[in-house]
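Take a look at the letters that make up each chain.
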Amino acid sequence: MAVHLSGSDRSTRAAAAFGFAVALIVAAVGALMLTTGDRLDRSGLRFASDEVVGTIGHSIGGLVSRAVELGIPLADLYGVDGYLQGVIAANPEVDGIAITDADGKALFQQTRRAGVAFDATVTVPIRRGDTVVGQIAIDPSYGVATMVRLRLVAAALAASLFAGLLAGLWYRIYRLELIDLPRARFVASSRAVGRGGFADYTPPPEDSPLRPLGRAAVRLIVPVRRQARNAAALADEIRAIDVTKTFSGRVDAALQPLAAYRFDHLRQPVRRHGWGGWMALPVFALVEAARPLVAGFAADRIGTDPLTEVAIGLALSGDALGRLIGVLAAYAIALWLPRAGVVLGLLVAAAGTAATFTIHETLPFAAARIAVGFGLWLSAWSLLARTGGLARRPWQGALLLVALWGIGPILGGLVAEILGRRTGFLALGGAIAALSAVCLLQPYRPTSRTVFAWRPAAASDILAPLIAVLAVTAWLEVHLSGHVMRDNYAGMALQFGLAATAMTLPWLVPTRLPATAGAALAVAAVWLAVLTPAPAFLVSPIAGLGLGLVWAALASRTYSLPAATGMTLGLLGAGALGGASFWTGADPLTLTAGIATAALAALAANALISKRLPRSAPGHTATGEGS
Amino acid sequence: MSVSRPVSLIAVTTTVVALILSVTTMARVLERGEVSLRDAQIGFVLADLDQTIERNLSLGLPLNELQPIERILEQTVANNSGLHAIEVLGPDGTALYSTDRGALGEPIPPAWQEAINERLPGRPWRVEYLETVVIGTSIENDFGMTAGWITMILDSSVEPKPGHHLPGIALRAAPYVVLGIAAALVLAIVLGGRIGHHFRQLARRLDSQDGVTGPGDPAIRGLPQAIATSNRAKQEIDATVDTLRRIDSEI
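Residues numbered from 1 in each chain as written. Chains lettered and ligands numbered in written order. Predicted model: local features only at pLDDT ≥ 70, side-chain atom pairs only at ≥ 80, totals over all residues.

## Looking at the overall build of chain B
Step number 1: Scanning chain B for helices and strands turns up five helices and five strands.
Step number 2: Helices (α) and strands (β) of chain B occur, in sequence order from the N terminus, as α-α-β-β-α-β-β-β-α-α.
Step number 3: Its C-alpha atoms give chain B a radius of gyration of 40 Å, more than 25% over the compact-globule value 18 Å for 251 residues.
Step number 4: Judged by the C-alpha coordinates and their principal axes, chain B covers about 135 × 35 × 30 Å.
Step number 5: Considering chain B as a whole, with its 251 residues, one finds that 36% of them fall into the buried category. (Helix = DSSP H or I, 4+ residues; strand = E, 2+ residues; numbered from the N terminus. Rg over C-alpha atoms; globule rule 2.2 N^0.38 Å. Buried ≥ 20, exposed ≤ 12 C-beta atoms within 10 Å, placed from the backbone.)

## A short note on the overall build of chain A
Step number 1: The helix and strand inventory of chain A stands at 20 helices and four strands.
Step number 2: Going through the 627 residues of chain A one by one, you find that 56% of them count as buried.
Step number 3: Summarising the internal contacts of chain A: among those between residues at least 6 apart in sequence, 81% fall at separations of at least 24. (Contact = placed C-beta atoms within 7 Å.)

## A word on the sheet that holds strand β5 (residues 146-155) of chain B
Residue and element names in this part refer to chain B.
Step number 1: The strand order across the open sheet built from five strands is β2-β1-β5-β4-β3, with neighbouring strands paired in antiparallel fashion. Each edge of the open sheet is held by one strand with a lone partner, namely β2 (95-98) and β3 (125-129). Here the strands of the sheet are splayed against their neighbours by 25° on average, with no regard to which way each runs.
Step number 2: As defined by bridge partners, strand β4 (residues 132-140) adjoins β5 across nine bridges and the pair is classed as antiparallel. (Pairing = 2+ DSSP bridges. Axes fitted to C-alpha atoms, helices over the stretch in contact; angles between N-to-C directions.)

## A closer look at the environment of Val283 of chain A
Residue and element names in this part refer to chain A.
Step number 1: Position of Val283 among the secondary structure elements: in helix α7 (residues 280-288).
Step number 2: The class for Val283 is buried, based on 28 C-beta atoms found within 10 Å.
Step number 3: Placed 155 residues apart in sequence, Val283 and Val438 show a C-alpha to C-alpha distance of 9.4 Å.

## Brief notes about the pairing of strand β3 (residues 122-128) of chain A
Residues and elements named next belong to chain A.
Step number 1: Direction of pairing for β3 relative to strand β4 (residues 131-140): antiparallel, over a ladder of seven bridges. Its bridge partner being in β4, Val124 is matched across the sheet by Ile136.
Step number 2: Following β3, the chain reverses through two residues before pairing antiparallel with β4; Gly129 in that reversal takes a positive phi of roughly 65°.

## Here we look at the interface of chain B and chain A
Step number 1: Contacts between chain B and chain A engage 71 residues on the former and 86 residues on the latter.
Step number 2: Take the side of chain B that touches chain A: its biggest share by element is 24 residues, from helix α1 (residues 4-58) of chain B.
Step number 3: Of the residues in the side of chain B that touches chain A, the class split is 39 nonpolar, 20 polar and 12 charged. (Nonpolar A, V, L, I, M, F, W, Y, C, P; charged D, E, K, R; others polar.)

## Some words on the confidence of the model for chain A
Residues and elements named next belong to chain A.
Step number 1: When pLDDT is averaged along chain A, the result is 83, and 86% of the positions lie at 70 or above.
Step number 2: The low-confidence segment residues 1-6 (pLDDT under 50) makes 13 contacts with residues lying over four places distant or belonging to another chain.
Step number 3: Counting interchain partners and residues more than four positions distant, the pLDDT-below-50 stretch residues 617-627 has 27 contacts. (pLDDT = per-residue confidence, 0-100.)

## Side note on the nonpolar core
General note: in soluble globular proteins, nonpolar side chains tend to be found buried as a group.
Step number 1: Counting 265 residues, the largest nonpolar core has Ala158, Phe162, Ile467 and Ala471 of chain A as the members making the most contacts within it.
Step number 2: Setting aside chain neighbours within four positions, we find Ala158 of chain A in contact with Ile410, Gly413, Leu414, Ala490, Ala493, Leu494 and Gly497 of chain A. (Core = buried A, V, L, I, M, F, W, Y, C linked by C-beta atoms within 7 Å.)

## Structural notes on the sheet that holds β3 of chain A
Residues and elements named next belong to chain A.
Step number 1: Spatially, β2-β1-β4-β3 is the arrangement adopted by the four strands of the open sheet, whose pairing is antiparallel. What marks the edges here is a single partner per strand, and that holds for β2 (106-111) and β3. If you compare each strand with its neighbour and ignore which way they point, the axes differ by 15° on average.
Step number 2: This element, helix α2 (residues 45-69), spans β1 (94-101), β3 and β4 of the sheet and lies at about 20° to β3.
Step number 3: This element, helix α3 (residues 80-90), spans β1 and β2 of the sheet and lies at about 35° to β2.

## A few points about unusual backbone geometry
All names here are of chain A.
Step number 1: Positive phi, normally seen in glycine, also occurs at Tyr142, with a value near 50°.
Step number 2: Relative to the helices and strands, Tyr142 resides in the loop between β4 and α4 (143-194).
Step number 3: Residue Tyr142 is classed as buried on the basis of its C-beta count, with 20 C-beta atoms lying within 10 Å.
Step number 4: With a phi close to 60°, Lys245 is a non-glycine residue in the positive phi region.

## What to know about the packing of helix α1 (residues 9-35) of chain A against α4 of chain A
Residues and elements named next belong to chain A.
Step number 1: As a packed pair, α1 and α4 sit with axes 7 Å apart at the nearest point and diverge in direction by 155°. In terms of their interaxial angle, α1 and α4 are classed as roughly antiparallel. For the crossing formed where α1 meets α4, the hand is right-handed. (Parallel < 35°, antiparallel > 145°, perpendicular 65-115°, else oblique. Left-handed = near helix turned anticlockwise from the far one by under 90°.)

## Some remarks on the environment of Met492 of chain A
Step number 1: Summarising the element assignment, Met492 of chain A is placed in helix α16 (residues 489-504).
Step number 2: Once you skip the residues sitting within four places of it in the chain, Met492 of chain A turns out to touch Pro292, Gly413, Leu480, Ser481 and Met485 of chain A.

## Quick word on the pairing of β4 of chain B
Residues and elements named next belong to chain B.
Step number 1: Here β3 pairs with β4 via five bridges, running antiparallel. Across the sheet, the residue bridging to Glu128 is Val133, located in β4.
Step number 2: Where β3 hands over to β4, the hairpin turn is made up of two residues, of which Leu130 adopts a positive phi near 45°.
Step number 3: Hairpin connection from β4 to β5: five residues lie between these consecutive antiparallel strands, with Gly144 at a positive phi of about 80°.

What follows is the structure, given as structure tokens:
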């Protein structure tokens, strides 16, 4: 009866619609701010841009004036075109420069792009003594104003995606804990009553919308139980005074029909507190919030261009290495010290994140990323091992993944835009440390100890998440964060937001595609970026959708050790391939696309072969795919 | 507890947090745009002066004998508002040329020297010093050796204060933010109200033991059987009690 489980499709759709509505509200406010009244991107920026261009004009004018004062006619100046072209190339705020005579006739003119109309808005006179002999006319590009406009739009959209994902996720948790699970318990209780069990009724929690229904159920069964107690009391009374046992046969016969029912109370009350792991969710999201900043920060530790790939590779690989060690540490201590594992891991991650504030070199940064990766996965896997929540309820796991990969990075991008990247690391580290204390107070109900078992896994359980994470990391982190959008944190927040929003889509439809299809889609997104000038806002959602399809297909197996290993190796691979491009000279994205395609081919071949071979483990799915 | 309350909490909190992030980010993006333009202007002036001086050095002239430099420095200061002074320093940090005559021959303050020592290779150094912002770059000869420094001393007012756009933008955003929060609240109240109404209606149907059959909320799927069993149990218990009372009266 899937309708009663925590993965209620109705609640999923309701949460998606709620998140969409909240996102629309925030987007509408952003749109109103950007389009009404004096437009923000024009406030003072065009004036400042004209001032920059004026400075450049004065510099050129001074140079030309000195040449003219030496007696060289304006029209006969030598090497002017090359000089103007050099000035244009070095100054993005300038689109074109012309030197005209006193009548305004252009003697020299250079533009950034051939065939574009020359629209000079800034002019500087060229003087010989007190006489104006010509002028420098400059066509400004207003490049910074355009960049600011795009970033304002990106910030508004990223904030709306953040609101939509956060509201949808939070509302889904609300429905899960206070509607879906109480409803499942209510249905179980009402079925128990239907079978004659009046004892094990579990009322919904106080703050659940099902409370009125629970009270109605109480009104239904309480009179029955009261009457049953009366009957039992009466029977006891008769037995007490019937010392000769004359009526015992008739009493037993009268009570016989009630033997089909159970009225006794439960000896232990059913515990109904929510999953303690929810409180760890915002902290995990904060740890992953630094993701859009990592590659760019690593690249900026190196001044030389080719070595930036090595720096990015070290940072991402360090993160992955830390995660591998974190899983092993969790395996070693989590079953005995689960709460310590959660809190210790978060504190290590907080220290690693905050310490970045003081780091200026590549290797210390890679070490900090090892600490962050170690702390995050020690904490996450300690939680998993103790509660088994995610493996038992894939929906909870899906929420965790969305929080980690979506909400966290959007927040991180916006925080970096507000505070600056370096201070952003410090702020995130402080916030993680502060919230870690909350996790210490949460109850972690032990429900499962099997999550760490390395069960026989299909190749797709390891390779599909590996390939998808490899593709998504190479696109979002190595390519966008490390190169194209290194300083554009609002833009990075938007790209992560688009990918995360697309990640949630596979859970909204009942059909589950094979995990391999998701991995193939993520790789296709990278190829799309390599082979075509497709805009980032198109590639990011496709890559995110691919990763989401993999997670949805693996469902609870996403939170098993094989899939976790695959995801970690994907991250490690993205870093390593980025670094390898330093030696091979290949573009990191192309290299990643090629390797991922080869891995995908191997996965497909394995699936074909395994279909032809007889199954060795009865009951185990050969492909391991499907929900 | 009303259902609207937790749903409102979710809707309003996420809307408020997102709008605060959005407005603050917008303010910072505008500031960064201004900083970027100011850096472009300063960068151009520095690079232009640097090239001029290095061309003269390439002709074999020593740095302390470049007399036309003074006029170029003065023109540059005149053409750039917010630029207090420009100094050309020797390799030992002594001012060789300056638009501020009093600084000539003086060694640079220790704060400048510290900024020079900590500079990143190939990038201008920068220090805030006594209500001014000082930005400098190295002058290199043909052999890549540092022959001196050019420093620009700017009024600190040209450096946008962090957050200076925020009050204005927040004021401008306030009516829209209020509108957005109100919309989120309405959404939550409508949604919470519907959920609450739905379950209250189910409770009424359970009380009246009518309309709990057929398709509907999954919560009521077990109810028809539960109601039937309850009613049957009630009758059987009543019958049992009647029998027991009869026995009791016979004793």
